Amino acid sequence: MTDVTTADPPATLPATPKPINVAIQGGGAHGAYTWGVLDRLLEDGRLDIEGLSGTSAGSMNAVVYTYGKMTGGADGARGLLEEFWREVSRAGTVFSPIGASAWGHWWTGSWNLDHTPVYRTFAAMTGMLSPYEFNPMGFDPLRDIVGRLVDFEVLRQCRDTRLFVSATNVRTGRVRVFRGHEVTLDAVMASACLPFLSKAVEIEGESYWDGGYVGNPSLWPFFYYTETDDMLVLHVNPIERDTVPRTAPEIDNRTNEITFNASLIAELRAIRFVKRLVREGWLKDEHRHRVRDIRMHAIRADKELLDLSVATKFNPDWGFLCDLRDRGRGAASEWLDAHWEAVGREDTVDLAKEYLDRY
């Protein structure tokens, strides 16, 4: 039986849900936050996701969502997402070097484990040894979970949801976006392959690492392969912090956030430039049809996940994952209340003010 909380449904459902594209950042266990967002959007029922672009944990949420919805509708997607994260917690409690941390939450009042001996040992080990040394057989329980829950042969036949999974080509340093018919278990694991934890994933003679380095997540496929002009970005990594980090764990956390936001901000800058071309009449009429003025929306994690450190991205405790899910559901409810009416009509994000030209 599910323990996912439910919210009051909207007073009236539209005859046809509004189409939207959704881009999902990666962030390890923090992906449970976007599980919560997706769960709430599915429960609400007023949006229809045409395209999903994901990286790392975001790609896993995207794949599980798509397969669940394809085989069981909205309820099937909600159920499979919960099953996936339950399995992640069960496996992580046994195999994760961090392990269950309910005792730590009770003892400290926080989910952060940065200063615990077990996390410091884990950080030191992964800093000195590569996965080719400490895990030469490539043991990966997460791969077994995804492979057991998702039939990729069936998934690749999906036509209702366009799926895009990003990974980093180790040799070229460029992003590889696997489109729906190319999405395999290897592609998903490549998208989530942190090089200090897992050996590079080999696909068609090329080696791949986590897509967060160059596309977290990739937005450009929506312009070429989908019809809707609305895009919702689901953030996991806070973009802004008001304090300057002083301790080693704080510095590690902030550099992680900046690194895994950099590619997204670069794409948002390009989108803003195109929007200005269109809205300020810089384009000749004969070229106007070649570009799209995408309406931008976002559910950011600056407030909701600001209290969490990089160590918590490795925390598989079920209580912690449920806490993240509930934070995501709450953020999605707030966004729906404030902005659903604007979908299909106007931006709800000012790219210049919120992402780019702060000063």
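Above this text sits the structure in question.
What you see is a predicted model, and the numbers here were worked out from it, not measured in a lab.

Engineer: Now, about the pattern of salt bridges: what can you tell me, with residues and values included?
Structural biologist: Enumeration over the complete set of coordinates arrives at 26 salt bridges. Taking the shortest distance from any N to any O, the salt bridge between Asp 39 and Arg 329 comes out at 2.5 Å. Residue Asp 39 is found in helix 1 (residues 31-44), and its partner Arg 329 is found in helix 12 (residues 318-339); the two are separated by 290 residues along the sequence. Residues Asp 39 and Arg 329 agree in their burial class; the two are buried. Residue Arg 300 pairs with Asp 302 through a salt bridge whose shortest N-O separation is 2.8 Å. Taking the relative accessible area as the measure of exposure, Arg 300 reaches 18% and is therefore buried.

Engineer: Describe the side chain of Arg 40, with residues and values.
Structural biologist: Within the secondary structure, Arg 40 sits in helix 1. At 3.1 Å, the side chain of Arg 40 forms a polar contact with the side chain of Glu 43. One polar contact links Arg 40 to Ser 333, side chain to side chain, over a distance of 2.7 Å.

Engineer: A description of the environment of Leu 38 should follow, citing residues and the corresponding values.
Structural biologist: Its place among the elements puts Leu 38 in helix 1. On a C-alpha basis, the gap between Leu 38 and Val 22 in space is 9.5 Å, while along the polypeptide they are 16 residues apart. In this view, Leu 38 contacts Ile 24, Ile 49, Asn 61, Leu 81 and Leu 234; residues no more than four positions away in its chain are not counted.

Engineer: Give a detailed account of unusual backbone geometry, specifying residues and quantitative values.
Structural biologist: Cis rather than trans, the peptide bond between Asn 216 and Pro 217 has omega equal to -10°. With respect to the helices, strands and loops of the structure, Pro 217 is situated in the loop between strand 6 (206-210) and helix 9 (220-225). Non-glycine residue Ser 56 carries a positive phi angle of around 55°. Classification of Ser 56 as buried rests on a relative accessible area of 9%.

What counts and how
Residues numbered from 1 in each chain as written. Predicted model: local features only at pLDDT ≥ 70, side-chain atom pairs only at ≥ 80, totals over all residues. Heavy atoms only, no water. Salt bridge = Lys/Arg side-chain N within 4 Å of Asp/Glu carboxyl O. Helix = DSSP H or I, 4+ residues; strand = E, 2+ residues; numbered from the N terminus. Buried < 20%, exposed > 50% of the residue type's maximum accessible area, 1.4 Å probe, protein only. Polar contact = N/O pair within 3.5 Å; in protein donor to acceptor, adjacent residues only side chain to side chain. Contact = heavy atoms within 4.5 Å.

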